[in-house]
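# Structural features, examined
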Amino acid sequence: MAAVLSTRHKNLQVVRTMWTNRDVRTSLDTAITINDPAVVVDLLGLMCLKDQWWNLDICALVLSQLQDLLFSKYENYVICGCNALRVILKNFGAIIKTNLSAGPSIGVDISREERQNKCKMCDSYLTSLRPLLDKRHSSVKIGSRFRELIILMDTLA
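Note that the structure is a prediction, hence the values are computed from the model and not measured.

### Comments concerning the overall build of the protein chain
Looking only at helices and strands, one finds 7 helices and 0 strands in the protein chain. Relative to the globule expectation of 15 Å for 157 residues, the C-alpha radius of gyration of the protein chain, 17 Å, shows essentially globular dimensions. Each principal axis of the C-alpha atoms in the protein chain carries an extent, and together these give about 60 × 40 × 20 Å. Out of the 157 residues in the protein chain, the part that is buried amounts to 38%. For the protein chain, the proportion of contacts with a sequence separation of at least 24, taken over those separated by at least 6, is 63%. Accessible surface, the protein chain as shown: approximately 9,100 Å² in total, 55% of it carbon and sulfur.

### A closer look at the nonpolar core
The biggest cluster of nonpolar side chains holds 48 residues, and the ones touching the most others in it are Leu28, Leu44, Met47, Trp54, Val62, Leu66 and Leu85. Listed by contribution, the elements that provide at least two residues to this core are helix H1 (2-20), helix H2 (24-34), helix H3 (37-47), helix H4 (56-70), helix H5 (75-101), helix H6 (110-136) and helix H7 (143-154). When residues no more than four places from it in sequence are discounted, the contact partners of methionine 47 are Trp19, Val24, Leu28, Trp53, Trp54 and Ile58.

### Concerning H3
Taken as a whole, H3 has its buried residues at Ala38, Val39, Val40, Val41, Leu43, Leu44 and Met47. Summarising the contacts, the buried residues of H3 are in contact with H1, H2, H4 and H5.

### Let's talk about the side chain of glutamine 116
Within the secondary structure, glutamine 116 is located in helix H6. Not counting residues up to four positions away in its chain, the partners in contact with glutamine 116 are Asn99, Ala102 and Gly103.

### Focus: the environment of isoleucine 151
Mapped onto the fold, isoleucine 151 is located in helix H7. What makes isoleucine 151 exposed here is its relative accessible area of 56%. Between the alpha carbons of isoleucine 151 and isoleucine 88 there is a distance of 13 Å; along the sequence they are 63 residues apart.

### What about the environment of aspartate 23?
Along the chain, the position of aspartate 23 falls in the loop between H1 and H2. Taking C-alpha positions, aspartate 23 is 11 Å from tryptophan 54, a pair spaced 31 residues apart along the chain. A distance of 2.3 Å separates the side chain of aspartate 23 from the side chain of threonine 26, its partner in a polar contact.

### Looking at the pattern of salt bridges
Summed over the entire model, instances satisfying the criterion amount to 4 salt bridges. One salt bridge in this structure joins arginine 8 and aspartate 42, with 2.5 Å as the shortest N-O distance. Remark: aspartate 42 occurs in helix H3 and arginine 8 occurs in helix H1; sequence separation between them is 34 residues. For arginine 8, a relative accessible area of 27% translates into the label partly exposed. For arginine 86, the salt bridge goes to glutamate 148, with nearest N and O atoms at 3.1 Å. Of this pair, arginine 86 sits in helix H5 while glutamate 148 sits in helix H7; the two residues are 62 residues apart in sequence, bridging distant segments of the chain.

### Topic: the state of the cysteines
Formally, a disulfide is one covalent bond, and it connects the sulfur atom of one cysteine to the sulfur atom of another. Applying the stated rule across the entire model yields 0 disulfides. Among the cysteines around cysteine 48, which has no disulfide bond, cysteine 80 carries the closest sulfur, lying 5.6 Å off. Not engaged in a disulfide, the cysteine cysteine 119 finds its nearest cysteine sulfur in cysteine 122; these two sulfurs lie 6.3 Å apart.

What counts as what
Residues numbered from 1 in each chain as written. Predicted model: local features only at pLDDT ≥ 70, side-chain atom pairs only at ≥ 80, totals over all residues. Heavy atoms only, no water. Helix = DSSP H or I, 4+ residues; strand = E, 2+ residues; numbered from the N terminus. Rg over C-alpha atoms; globule rule 2.2 N^0.38 Å. Buried < 20%, exposed > 50% of the residue type's maximum accessible area, 1.4 Å probe, protein only. Contact = heavy atoms within 4.5 Å. Areas by Shrake-Rupley, 256 points an atom, 1.4 Å probe, with all protein chains shown as cover. Core = buried A, V, L, I, M, F, W, Y, C linked by side-chain atoms within 4.5 Å. Polar contact = N/O pair within 3.5 Å; in protein donor to acceptor, adjacent residues only side chain to side chain. Salt bridge = Lys/Arg side-chain N within 4 Å of Asp/Glu carboxyl O. Disulfide = S-S within 2.5 Å.

Encoded structure:
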């Protein structure tokens, strides 16, 4: 147990180093690369407290990891995954929906194309999560969280 905690402490120190540079994306990317779900959960727990730390890049990166968290055997991981998905759906759901339904632009608009690509990526992750949430919402302990997420996802449709 001491070895596990020591490794986790070292991993958190690495992520913290990135965090002190105010680079949330690099911190999250590092946590994912370390491949320690506990570190990702710790970082997401902090991120869910501050909406201003989120953007479409962060959303896509988090969405790529959510399936593992939402279907973990650890309830804490599932709750953290639910909270992160709730932040994404509440703060970026309308942006994703609007950008996906927007028609082509006239001329070259690189930032708009990048935003649309990020929205498409987020939408594909959300689309793949939906059937899994439908299966999981009948769980007694955390089913209400999944039902709330399903309702939020319905606003995207």
